[in-house]
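Geometric and topological summary
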Amino acid sequence: MTVNYKGMNKDFDYRLAEINFDEDTEQTLMDKIEKVMNIKGYDLNQVTNGYASCEVENMEEYKQFVRDYKEVKTSAKLWIKFGM
């Protein structure tokens, strides 16, 4: 799973945090991450298989998103490991 920042340009008028993942092995993990990130207040959506995005206001919000994402990802891995 990778998280990238996509900034604004002449054809793209908003900023995104993009998550790419392997839909075969990481889909369950991404489903759990999406639920918790939405509870935390982010509008994280799985746009298509293997890709999710969340609109962010600026680079600082993106950095906070990444910190929260990493924390949630670590927790979700443990939940899966212990059958939660």
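Look a little higher up for the structure.
Definitions and limits used
- Residues numbered from 1 in each chain as written.
- Predicted model: local features only at pLDDT ≥ 70, side-chain atom pairs only at ≥ 80, totals over all residues.
- Heavy atoms only, no water.
- Core = buried A, V, L, I, M, F, W, Y, C linked by side-chain atoms within 4.5 Å.
- Buried < 20%, exposed > 50% of the residue type's maximum accessible area, 1.4 Å probe, protein only.
- Helix = DSSP H or I, 4+ residues; strand = E, 2+ residues; numbered from the N terminus.
- Pairing = 2+ DSSP bridges.
- Axes fitted to C-alpha atoms, helices over the stretch in contact; angles between N-to-C directions.
- Contact = heavy atoms within 4.5 Å.
- Patch = residues over 30% accessible without salt bridge, like charges linked within 9 Å, V, L, I, M, F, W, Y side chains within 5 Å.
- Areas by Shrake-Rupley, 256 points an atom, 1.4 Å probe, with all protein chains shown as cover.
- Salt bridge = Lys/Arg side-chain N within 4 Å of Asp/Glu carboxyl O.
- Lys, Arg positive; Asp, Glu negative; His and termini not counted.
- Charge placed at Lys NZ, Arg CZ, Asp CG, Glu CD.

What follows is about the nonpolar core. In this structure, Ile19, Ile33, Met37, Leu44 and Phe65 are the most contacted members of the largest nonpolar core, which totals 19 residues. Looking at this core, the elements with two or more residues in it are β2 (15-20), α1 (27-39), β4 (51-56) and α2 (59-81).

For the rest of this paragraph, the subject is the sheet that holds β2. Spatial strand order, β1-β2-β4-β3: four strands in an open sheet with antiparallel pairing. Single-partner strands in this sheet number two, and they are β1 (2-6) and β3 (45-48). When the angles between neighbouring strand axes are averaged without regard to direction, this sheet yields 30°. Contacting β2, β3 and β4, α1 crosses the sheet at an angle of about 140° to β3. Sheet strands in contact with α2 are β1, β2 and β4, and its direction is about 170° off that of β1.

Turning to a nonpolar patch on the surface, a few remarks are in order. Taken together, the side chains of Leu78, Trp79, Phe82 and Met84 make up a nonpolar region of the molecular surface, amounting to roughly 460 Å² of accessible area. Tracing the backbone shows Trp79 in helix α2. Given a relative accessible area of 30%, Trp79 falls into the partly exposed group.

Summarising the element assignment, Asp68 is placed in helix α2. Among buried Asp, Glu, Lys and Arg side chains, Asp68 stands out as unpaired, with Lys40 the closest opposite charge at 4.3 Å. Not counting chain neighbours up to four residues away, the residues in contact with Asp68 comprise Met37, Lys40 and Tyr42.

This part is about a negative patch on the surface. A contiguous patch of negative charge, built from Asp13, Asp43, Glu55 and Glu57, is present on the exposed surface. Here Asp43 lies in the loop between α1 and β3. The class of Asp43 is exposed, set by a relative accessible area of 52%.

Looking now at the environment of Gln64. Checked against the element boundaries, Gln64 lands in helix α2. Look at Gln64 and you get partly exposed, because its relative accessible area is 32%. The spacing of Gln64 and Lys10 is 54 residues in sequence and 26 Å in space, taken between C-alpha atoms.

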